[in-house]
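Chains, contacts and geometry: an overview
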Amino acid sequence: MSGTRRPLKSLGQNFLVDGNIINKIIQAADIQQDQAVLEIGPGRGALTSHLAERAGWLTLIEFDHALAAWHRDQYRENSAVTVIDADVLKVDLAALLPDVPQKWNVVANLPYNISTEVLFRLYGVHNRLARMTLMLQKEVGDRLAASPDCSEYGVTTVLLGLWFDIRRVVVVHPGSFHPSPKVDSVVLNFIPRSEARAEVGDEDLFRAVVKSAFSMRRKTLYNCLKSAEFAKMMDCGELLEACAIDGRRRGETLSLEEFALLSRRVTDLLRAATVRS
Ligand code: SAM
């Protein structure tokens, strides 16, 4: 891109300049002919031209108005490319990624400051995705692969682990970007599972259970659950007892299967309460 201004730190603009890493991301994305691809934060287009060459349709969401305008101009004669000048956190992804037989392939070198929030949003549309290939700060990537009781284990580990098989593609060092970030990054492939890793009952309740269990890391699981909205309708002591989970444990010690058990029980209790009322 010619005549560029300085990268904006506030938008996490660390642009990829390493051809080897760019190739690895494009290979890992495994774009099928005629597939719809979504790139979040195309920036100066390090990945975009490769995606445009391979995809059936390409949608770009870029919050930097100047860069969005530049992409619009670049692809003005290519009707397969759509540029959305917007904050990805304000875009209704469910409306953007319609439930068509053709699922979407998401590719992004995510801005660090919003990567966890973007992961939650993509988790919310997991059933519309064929694959995701995402560059994340390494620490965030490590969290996704963490086991219970590690300090990295958190909400994203449990939620994304329910629906995706996550594979590390490559660790990326600061020198592969301009400007160089202070930390390492990692490219991960997220392959949606045909079935969830565990039966959770109502998925919104599963999300609420997991979020509440991690809401106060120093407090016991019982105390965390007690202050959740769903818990107003039930006795958390009885809930935990019915699941044979010790309420004195911390949320971060629960396995995905234990979260699923809790969530199923919460779902049953709330359904029963609705029937009674
Ligand atoms: N894809 C390019 C690359 O690999 O060189 C740029 C990656 S850079 C780490 C992140 C990009 O996301 C920037 O272009 C930035 O302007 C854009 N961005 C930052 N916040 C955004 C947001 N909330 N919504 C959409 N794009 C955003």
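Residues numbered from 1 in each chain as written. Predicted model: local features only at pLDDT ≥ 70, side-chain atom pairs only at ≥ 80, totals over all residues. Heavy atoms only, no water.

Thoughts on the pairing of strand S4 (residues 81-85)
Spelled out, the test is: Here the rule is simple: two strands pair whenever DSSP picks up at least two bridges between them. The numbering of helices and of strands both runs from the N terminus, where a helix is a DSSP run of H or I of at least 4 residues and a strand a run of E of at least 2. Handedness is read with the strands pointing away from the viewer; a crossover is right-handed when the path from the first strand over the helix to the second is clockwise.
Here strand S3 (residues 57-62) runs beside S4; their pairing, made up of five bridges, is parallel. For Thr 59, the partnering residue across the bridge sits in S4 and is Thr 82. Remark: the S3/helix H3 (residues 65-74)/S4 crossover connection has right-handed handedness.

Examining the domain arrangement of the chain
The test is simple: The start and end points of each domain follow an automatic or database-based domain assignment. The contact definition used throughout considers only heavy atoms, calling two residues in contact when any of these lie within 4.5 Å. The buried area of a pairing is the accessible area, by a 1.4 Å probe, that goes missing from both parts when the two are put together, added over both. Every case where a carboxyl oxygen of Asp or Glu lies within 4 Å of a side-chain nitrogen of Lys or Arg is listed as a salt bridge. As used in this structure description, the phrase polar contact means that two N or O atoms lie within 3.5 Å; if the pair is within protein, one of them must be able to donate a hydrogen and the other to accept it, and residues adjacent in sequence are counted only when both atoms belong to side chains.
Here the chain is described as being made up of domain 1 (9-192) and domain 2 (203-276). Taking only C-alpha atoms, the centre of domain 1 and the centre of domain 2 are 32 Å apart. Counting from both sides, the interface comprises 14 residues of domain 1 and, opposite them, 13 residues of domain 2. Across the domain 1/domain 2 interface, buried area totals approximately 1200 Å², and carbon plus sulfur atoms make up 66% of it. Taken as a group, Tyr 153, Val 155 and Val 158 account for 38% of the area that domain 1 buries against domain 2, more than any other trio of residues on that side. Counting across the domain 1 and domain 2 interface gives zero salt bridges. The tally of links between domain 1 and domain 2 comes to five residue pairs in polar contact (both at pLDDT 80 or more).

Observations concerning helix H11 (residues 256-276)
Each α-helix turn comprises 3.6 residues. Residues three or four places apart therefore point the same way. Put simply, the test is: Between the first and last residue of a helix there are one fewer steps than residues, each counted as 1.5 Å, and that sum is the expected span. When accessible area is computed with a 1.4 Å probe and restricted to protein chains, residues below 20% of their type maximum are described as buried, those above 50% as exposed, and intermediate ones as partly exposed. Arc definition: it is the arc formed by the directions from the helix axis to the C-beta atoms.
Here H11 is 21 residues long and its end C-alpha atoms lie 30 Å apart, about the 30 Å a rise of 1.5 Å per residue gives. Those residues of H11 that sit buried are Leu 256, Phe 259, Ala 260, Leu 262, Ser 263, Val 266, Thr 267, Leu 270 and Ala 273. In a view along the axis of H11, the buried residues occupy a sector of 160°, so they form one face of it. Opposite the buried face of H11, at more than 90 degrees from it, the exposed residues are Val 275 and Arg 276.

A word on the sheet that holds strand S5 (residues 104-109)
Cut-off, in case you're wondering: The angle between two axes is taken between their N-to-C directions and runs from 0 to 180 degrees, where each axis is a line fitted to C-alpha atoms and a helix contributes only its stretch in contact.
Strand order across the open sheet formed by seven strands is S4-S3-S2-S5-S6-S9-S7, with mixed pairing between neighbours. Every interior strand has two partners, whereas the edge strands, S4 and strand S7 (164-172), have only one. Taken over all neighbouring pairs, the strand axes of this sheet differ in orientation by 15° on average, direction set aside. Judged from the six bridges that link them, strand S6 (residues 129-137) and strand S9 (residues 185-192) form a sheet pairing that is antiparallel. By the bridge assignment, Gln 137 is partnered in S9 with Ser 185. With respect to the sheet, helix H1 (residues 19-29) is in contact with S5, S6, S7 and S9, its orientation differing from that of S6 by roughly 155°. Its contacts with the sheet place helix H7 (residues 155-163) against S6, S7 and S9, and it is angled at close to 115° to S7.

A word on the packing of helix H5 (residues 115-124) against H7
Formally: Working definition: roughly parallel below 35 degrees, roughly antiparallel above 145 degrees, roughly perpendicular at 65 to 115 degrees, and oblique for all remaining angles. Note on convention: the crossing is left-handed when the near helix lies turned anticlockwise from the far helix by less than a right angle, right-handed when the turn is clockwise. Any residue that is not Ala, Val, Leu, Ile, Met, Phe, Trp, Tyr, Cys, Pro, Asp, Glu, Lys or Arg is counted as polar, Gly included; the first ten are nonpolar and the last four charged.
Orientation of H5 relative to H7, taken along the N-to-C sense of each, is 30°, at an axis distance of 10 Å. In terms of axis orientation, H5 runs roughly parallel to H7. With respect to the hand of their crossing, H5 and H7 are arranged in left-handed fashion. Listed contacts from H7 to Thr 116, Leu 119, Phe 120 and Tyr 123 of H5 are Val 155, Thr 156, Leu 159, Leu 160, Leu 162 and Trp 163. Class assignment for the residues of the contact of H5 with H7 results in eight nonpolar, two polar and no charged.

Some remarks on the packing of aromatic side chains
Spelled out, the test is: Put simply, two rings from Phe, Tyr or Trp (the six-membered ring, in Trp's case) pair if the centres are within 6.5 Å, and we call them stacked under 30 degrees between planes, edge-to-face over 60, tilted for the rest. As a reminder, the over-ring test applies to NZ of lysine and CZ of arginine, requiring each to be within 6 Å of the ring centre and within 35 degrees of the ring normal.
Here the structure, examined in full by the defined rule, presents three aromatic pairs. Geometrically, the ring pair formed by Tyr 153 and Phe 214 is edge-to-face, given 5.8 Å between the ring centres and 65° between the ring planes. With Tyr 153 in the loop between helix H6 (138-144) and H7 and Phe 214 in the loop between helix H8 (203-213) and helix H9 (221-226), the pair connects residues that are 61 residues apart, well separated along the chain. There is no split in this pair, since Tyr 153 and Phe 214 are both buried. Through pairs of rings, three or more aromatic residues link up here, namely Tyr 153, Phe 214 and Phe 259. The lysine or arginine in question, Lys 211, covers the ring of Phe 120, its NZ or CZ lying 4.7 Å from the ring centre.

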